Amino acid sequence: MINPPECSVVVIGYNDDARLPRAVRSVLGQSLRNLEVVIVDDASTDDTERVVRELQREDHRIRYLRRDVNSGGCGAPRNDGVEAARAPYVMFLDSDDELPRHACKSMVLEIERTDADFVTGQISRLYEWNGKTRPYYPELFARRRTVEGIAEAPEMFLDSFSTNKLYRAELLRRLPFRDDLYYEDHVFTAELYCAARRFAVVPWVVYLWHRAVEEGDSRLSISLSIREMDNVRQRIRAARLSDAILRDNGLAHLVPERQRRFVRQDLRVYLNPLPSRDVEWAEEFVSLVRPYLAELDPVAFESMDPVVQVCCRLILDGRTDELLVAARSLNGPRAAPRFAVQEGGRTYWGTAPAEGMEITSLRMAELPYTEARLRHEASFTGEGTRITLAIRTYDPFGVLAANPGWSAFLRLKNHEVRLTPREQDDGSHLSEATIDLATLRHGRLGFDGRYDPRIAIVRADGRVTSDQLLVDPAAAPVRAVVPWHEVTVRAEGQAAFLRVQWRRKGPVWKMPRLLWRTHVKLLKRLGRPHVKLRVYKGLIRFLSPRENLALFESDVGAGYTGSPRYLYEELRRRGTPLEMVWSVARTRRNFPSDAKLVRRMSWRHIWTMARAGYWVDSHGMPLSYPKPAGTRYLQTWHGQGIKSTGFNSPDLRADFPGPRAQWRAAVERWDALVSPSAEFERTFLPANDYRGLVLRYGSPRCDVLVHGDDEAVRRAKDLLEIPRGPKVLLYAPTYRDQARSSGRSVRADLTMMAEALAGEWVVILRPHPVERYRVPQHLRHFVRPAGWYPEINDLMLASDALLTDYSSLMCDYAITGRPMLFLIDDWDEYRRVERGVYYDLPEIAPGPCLTTTQELIHVLNDLDGVAASFAAKYAEFRRMWCSDEKGNAAAKVVDAFFEPTKAQVPVQVWPPITTRRPIRLPLLEWPW
């Protein structure tokens with residue numbers, strides 16, 4: 001090697017000749033070329049040496065060390081590798097894992113930039129059975145930072161890996177790994193954190209930790225061989241040694257923080273699979289863990305998952321049987337307890353209040369009915385094709401007692417069996433059910449798949465709450481052969497819930513399946529987008545549109561909402577002789593039962609587009625489809641506001657001719673555009689280069705906001721189970737273009753809000769349709785997820801205030817006159833790097849612009865006073881965006897577009913008059 005390497009990667013392995021090449025090649029393929037690979041063979045008895053020699057012939061950067069005697073751990077081979085390393089920086093890699101391509105280069109650059117002693121980055125688990133990855137404690141690596149000692153960031157004790165770090169070689173040589181215990185990483189990182197004056201944290205993935213399918217303990221790594229009791233002993237020993245290291249280095253005040261890692265991570269490793277262990281194993285586990293738990297500082301248990309705290313209390317009390325029950329609530333369905341008790345506004349696991357047993361923060365006792373939690377435990381037996389279940393239902397929070405007239409059902413996909421539960425002396429309910437699998441039907445071609453049966457408790461008013469069934473983890477699977485299927489009923493997952501697996505079987509299926517596959521392939525070929533487009537273009541050349549056929553679409557077919565809905569209803573109210581058809585996506589929501597529907601982009605939809613004399617839509621008909629000659633297209637659009645749009649939006653402002661030309665052609669199809677305000681026209685029309693008719697009568701979708709709708713308020717609160725009393729905050733953030741479907745638009749700390757505001761407020765969370773965010777169960781008492789709710793107007797009318805960021809909803813909501821709050825902690829990023837804006841929101845906002853959840857809570861506690869202070873700005877905002885909203889927009893637009901002879905106000909053509917005020921603040925702020 002002419003130049004010394006910049007980085008040495010130490011790869012350790014033992015009897016892993018099959019996976020070692022993958023690990024080594026992930027290093028050889030690094031973008032940092034000037035590196036070396038030091039392979040340390042821990043006295044393998046397989047073909048490891050031959051494999052390494054072959055790799056050496058391929059690349060001279062590989063060095064090979066072989067130990068004479070197996071060390072039994074990872075410490076000794078890593079020490080050998082560090083001693084042999086020739087580079088100033090060192091990384092470690094296990095033979096069954098990989099490094100991402102830029103790991104070495106990015107870490108070297110970071111350690112040199114920060115002058116840190118080591119750099120640590122995100123480790124990601126890669127599940128080999130499905131190829132999916134999952135970051136390990138992503139909150140630790142959420143941002144790039146430099147930490148001046150572990151006392152500044154004690155949460156980093158959770159990062160106890162040695163493999164996701166790059167070190168200065170001289171530091172490693174002062175901190176050798178222990179070679180006399182398992183989990184030497186834990187002890188090593190404790191010493192590392194004590195010795196490091198500064199370390200850097202990077203948010204990108206630097207290590208891929210492969211998780212293979214378990215094939216017996218002989219194939220498992222030390223960290224996965226958790227069935228062995230010695231594994232438990234070694235982990236506790238490593239924990240005690242780590243605590244001692246902190247004390248010896250003058251960091252005794254950080255010991256509780258390191259112990260918190262033991263409770264949150266190390267203990268969970270054994271608690272998660274505990275339900276599948278027998279009682280003898282569990283009792284020995286408790287006897288080993290209890291002494292160390294008794295030593296822990298009480299601080300170590302604070303802010304921990306309440307069920308984990310319950311398990312710790314049961315371990316300390318030696319209540320093994322109850323521990324096995326509680327451990328089943330840690331994973332999977334996260335089942336409710338069998339029994340719970342409430343006292344003094346607090347909820348406790350078990351039959352009596354006790355220290356360490358409080359589960360109030362789970363809020364299970366405060367959930368609305370459809371989210372209510374019961375616990376169903378079942379045993380199952382099989383005889384022939386019949387499955388018999390004995391089901392015991394526990395009602396820890398008194399849901400059944402509080403809702404008389406309920407009925408219970410066992411639901412298996414599309415099959416339902418009514419149950420007759422009998423109350424027992426302990427308050428639980430016992431029921432039985434027998435299902436003949438041969439009678440279940442899953443379509444003409446049968447069913448290949450699985451589902452998890454649930455117990456549904458139906459209230460007298462029809463509302464349903466349901467939970468999965470827990471079964472004995474050791475229960476033997478029941479297999480049955482039914483016509484053309486093999487069915488397996490078994491326990492699934494660490495929590496062991498009931499699962500039914502169907503598999504088509506038998507020669508009778510071979511021919512139908514072959515015909516079906518041929519049929520599907522043919523349909524796919526005929527249904528390709530370019531084929532449909534060619535057919536469509538042919539249709540519009542030879543067919544004339546029908547003047548009495550109108551095609552409606554809202555939100556790209558997502559639902560019956562927006563201005564198209566209210567125009568449709570106005571036309572129906574008038575009895576206009578039009579055949580009106582709705583284009584809908586696969587998920588059809590809240591359409592009238594008599595509405596004519598056609599699935600978007602189906603052949604029937606293609607035909608309807610070609611024949612319709614009118615198109616009415618709020619976003620855009622399929623972009624590449626030209627409008628038939630003679631068809632009139634009304635574009636209602638779906639909002640106005642501060643965000644950039646059209647050619648100024650992120651996906652079109654780059655100078656790529658294809659997308660821009662496609663959008664320009666799409667806009668040219670519009671015959672008329674509904675305009676809610678003059679302010680909308682100033683930005684939207686030039687941004688989309690629109691020069692057609694403008695119908696400025698307000699937005700049809702906003703008519704109901706002008707007039708109000710008591711029935712809509714009642715409907716929304718009823719469906720969302722909002723009780724009387726609390727005020728309602730509608731939280732409607734918009735998405736982030738660079739993080740779609742990530743959930744990152746929900747920037748308020750909902751947990752903090754719940755702690756401060758529950759009881760006084762209820763939050764309706766309405767993310768943008770492209771967003772994906774799941775409300776945690778412990779917040780369901782305070783937050784009502786409403787992404788599924790079909791009509792946003794109902795939510796606005798049902799709310800007392802709006803919390804948003806940059807959503808166009810603010811302009812519609814201003815019609816109500818109710819308070820608005822703006823959480824814009826990423827304002828600079830959003831306007832400069834993300835979407836881009838036309839207006840300075842803090843200047844024109846009709847309510848306070850906030851950057852923290854604490855500020856938000858403070859404002860909500862004095863909402864009337866804060867709203868009064870913004871009265872003048874609110875009035876100006878309404879004048880700016882809502883002055884044309886008179887409550888009759890739908891009627892006016894129908895007159896102008898469908899019955900132009902009735903229109904009393906002339907339509908407008910762009911460009912508009914030039915006497916309007918100039919645009920408010922910088923037109924756009926782009927990243928360049």
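In this text the structure is predicted, and so the values were computed from the model without any measurement.

For the rest of this paragraph, the subject is the pattern of salt bridges. What the rule picks out here adds up to 80 salt bridges. Between Glu 128 and Arg 22 there is a salt bridge, and its shortest N-O distance comes to 3.3 Å. Here Glu 128, found in the loop between strand 5 (118-127) and strand 6 (133-135), pairs with Arg 22, found in helix 1 (residues 20-28); they are 106 residues apart in sequence, far enough to count as distant. We classify Glu 128 as partly exposed; its relative accessible area is 32%. Here Arg 264 ties to Glu 139 by a salt bridge, and the two come within 2.8 Å at their closest N and O atoms. Highlighted residues: Arg 264 in helix 8 (residues 255-271) and Glu 139 in the loop between strand 6 and strand 7 (145-147), separated in sequence by 125 residues. Glu 139 gets classed as partly exposed once you look at its relative accessible area, which sits at 45%.

Let us look at the packing of helix 7 (residues 229-248) against helix 9 (residues 279-295). Their axes nearest at 10 Å, the elements helix 7 and helix 9 cross at an angle of 5 degrees. Comparing their axes, helix 9 and helix 7 come out roughly parallel. Across from Met 229, Val 232, Arg 233, Ile 236, Ala 239, Arg 240 and Asp 243 in helix 7, the residues of helix 9 making contact are Trp 281, Glu 284, Phe 285, Leu 288, Val 289, Pro 291, Tyr 292 and Glu 295. Taken together, the residues that form the contact of helix 7 with helix 9 break down as 10 nonpolar, no polar and 5 charged.

Right, let's talk about the side chain of Ser 699 for a bit. Examined against the element boundaries, Ser 699 turns out to sit in the loop between strand 30 (693-695) and helix 20 (703-707). A relative accessible area of 1% means that Ser 699 is categorised as buried. Setting aside residues no more than four positions away along its own chain, Ser 699 makes contact with Ser 563, Val 674, Pro 676, Glu 885 and Ala 889.

For Asp 689, which is not glycine, the phi torsion reads 50 degrees and is therefore positive. Within the secondary structure, Asp 689 is located in the loop between helix 19 (678-688) and strand 30. Unlike most non-glycine residues, Glu 721 shows phi in positive territory, near 55 degrees. Take Glu 721: it is sitting in the loop between helix 21 (710-719) and strand 31 (727-731).

Moving on, we get to the packing of helix 8 against helix 10 (residues 306-316). The interhelical angle for the contact between helix 8 and helix 10, taken along N-to-C directions, is 70 degrees, at an axis separation of 11 Å. Overall, the two elements helix 8 and helix 10 adopt an arrangement that is roughly perpendicular. Contact residues: helix 8 offers Val 263, Leu 267, Arg 268 and Leu 271, while helix 10 offers Val 308, Cys 311, Cys 312 and Ile 315. Of the residues that constitute the contact of helix 8 with helix 10, the class distribution is 7 nonpolar, no polar and 1 charged.

Okay, the side chain of Ser 618 next. By secondary structure assignment, the location of Ser 618 is in the loop between strand 27 (612-617) and strand 28 (632-635). Given a relative accessible area of 3%, Ser 618 falls into the buried group. Once you skip the residues sitting within four places of it in the chain, Ser 618 turns out to touch Glu 553, Ser 554, Asp 555, Pro 564, Gln 635, Thr 636, Trp 637 and His 638.

As a further point, take the pairing of strand 27. Of all 6 residues making up strand 27, 6 are buried, and the element is well covered by its neighbours. Alignment of strand 24 (residues 546-553) against strand 27, held across 5 bridges, turns out to be parallel. Residue pairing across strands places Glu 553 opposite Asp 617, the latter belonging to strand 27.

It is worth spelling out the environment of Gly 493 at this point. Mapped onto the fold, Gly 493 is located in the loop between strand 22 (485-492) and strand 23 (497-504). Linking Gly 493 and Gly 332, residues 161 residues apart in sequence, is a C-alpha distance of 6.8 Å.

Moving on, we come to the packing of aromatic side chains. Counted according to the given criterion, the structure contains 43 aromatic pairs. For the ring pair Tyr 136 and Trp 209, a centre distance of 6.0 Å and an interplane angle of 70 degrees mean the geometry is edge-to-face. Note that Tyr 136 is positioned in the loop between strand 6 and strand 7 and Trp 209 in strand 9 (residues 199-211), a separation of 73 residues in sequence. Look at Tyr 136 and you get buried, because its relative accessible area is 6%. Through successive ring pairs, a cluster of aromatic residues spans Phe 92, Phe 118, Phe 157, Tyr 167, Phe 177, Phe 188, Tyr 193 and Phe 199. Across the ring face of Phe 92, the terminal group of Arg 78 is positioned such that the distance to the ring centre comes to 5.7 Å. One cation-aromatic arrangement involves Arg 632 over Phe 897; the distance from NZ or CZ to the ring centre is 4.2 Å.

In this section: the sheet that holds strand 34 (residues 801-804). Across the sheet, 6 strands lie side by side as 33-32-31-34-35-36; this open sheet has parallel pairing. Among the strands making up the open sheet, the edge pair consists of strand 33 (783-785) and strand 36 (849-850). Here strand 31 pairs with strand 32 (residues 761-765) via 5 bridges, running parallel. Looking across to strand 32, one finds that Leu 729 is bridged to Val 763.

On to helix 8. The end-to-end C-alpha distance of helix 8 is 22 Å, a good match for the 24 Å that 17 residues give at a rise of 1.5 Å each. Phe 262 marks where helix 8 bends most, by close to 30 degrees.

Here we take up the environment of Pro 453. Note on placement: Pro 453 falls in the loop between strand 18 (449-451) and strand 19 (454-458). You can call Pro 453 buried: its relative accessible area is 1%. It is 30 Å that separates the C-alpha atoms of Pro 453 and Arg 125, two residues lying 328 residues apart in sequence. In contact with Pro 453, not counting residues within four places along its chain, are Leu 410, Arg 411, Leu 412, Gln 468, Leu 469, Leu 498, Arg 499 and Val 500.

Its 20 residues give helix 7 an end-to-end C-alpha distance of 29 Å, which sits within 8% of 28 Å, the value for a rise of 1.5 Å per residue. Taken together, the buried positions of helix 7 are Met 229, Asn 231, Val 232, Gln 234, Arg 235, Ile 236, Ala 238, Ala 239, Ser 242, Asp 243, Ile 245 and Leu 246. Two residues or fewer past helix 7, Gly 250 is found with a positive phi of approximately 75 degrees.

Per the counting criterion, the structure on display carries 0 disulfides. A disulfide-free cysteine, Cys 849 has its sulfur positioned 13 Å from the sulfur of Cys 811, the nearest such atom. When its relative accessible area of 27% is taken as the criterion, Cys 849 is described as partly exposed.

Here we take up a negative patch on the surface. Negative charge collects at one region of the surface, where Asp 278, Glu 280, Glu 283 and Asp 321 lie side by side. By the secondary structure assignment, Asp 321 is in helix 11 (residues 320-327).

Below, the discussion takes up a nonpolar patch on the surface. A cluster of nonpolar residues, Leu 522, Leu 526, Val 535 and Trp 603, forms a patch on the protein surface that exposes about 350 Å² of accessible area. Tracing the backbone through its elements, the reader meets Leu 526 in helix 13 (residues 510-526).

For any part of a model where pLDDT is low, the fine detail of the predicted coordinates should not be relied upon. Looking at the protein, pLDDT values average 92 and 94% of them are 70 or higher. Across residues 215-220, confidence stays below pLDDT 50; counting only partners more than four residues off in sequence or on other chains, it has 7 contacts. With pLDDT under 50 throughout, residues 909-928 is counted as low confidence; its partners more than four residues away or in other chains account for 53 contacts.

Rules used in this analysis
- Residues numbered from 1 in each chain as written.
- Predicted model: local features only at pLDDT ≥ 70, side-chain atom pairs only at ≥ 80, totals over all residues.
- Heavy atoms only, no water.
- Salt bridge = Lys/Arg side-chain N within 4 Å of Asp/Glu carboxyl O.
- Helix = DSSP H or I, 4+ residues; strand = E, 2+ residues; numbered from the N terminus.
- Buried < 20%, exposed > 50% of the residue type's maximum accessible area, 1.4 Å probe, protein only.
- Axes fitted to C-alpha atoms, helices over the stretch in contact; angles between N-to-C directions.
- Parallel < 35°, antiparallel > 145°, perpendicular 65-115°, else oblique.
- Contact = heavy atoms within 4.5 Å.
- Nonpolar A, V, L, I, M, F, W, Y, C, P; charged D, E, K, R; others polar.
- Pairing = 2+ DSSP bridges.
- Phe/Tyr/Trp six-rings, centres within 6.5 Å; stacked < 30°, edge-to-face > 60°.
- Lys NZ or Arg CZ within 6 Å of the ring centre and 35° of its normal.
- Expected span 1.5 Å × (residues − 1).
- Bend = angle between axes of the 7 residues up to and from the residue.
- Disulfide = S-S within 2.5 Å.
- Patch = residues over 30% accessible without salt bridge, like charges linked within 9 Å, V, L, I, M, F, W, Y side chains within 5 Å.
- Areas by Shrake-Rupley, 256 points an atom, 1.4 Å probe, with all protein chains shown as cover.
- Lys, Arg positive; Asp, Glu negative; His and termini not counted.
- Charge placed at Lys NZ, Arg CZ, Asp CG, Glu CD.
- pLDDT = per-residue confidence, 0-100.

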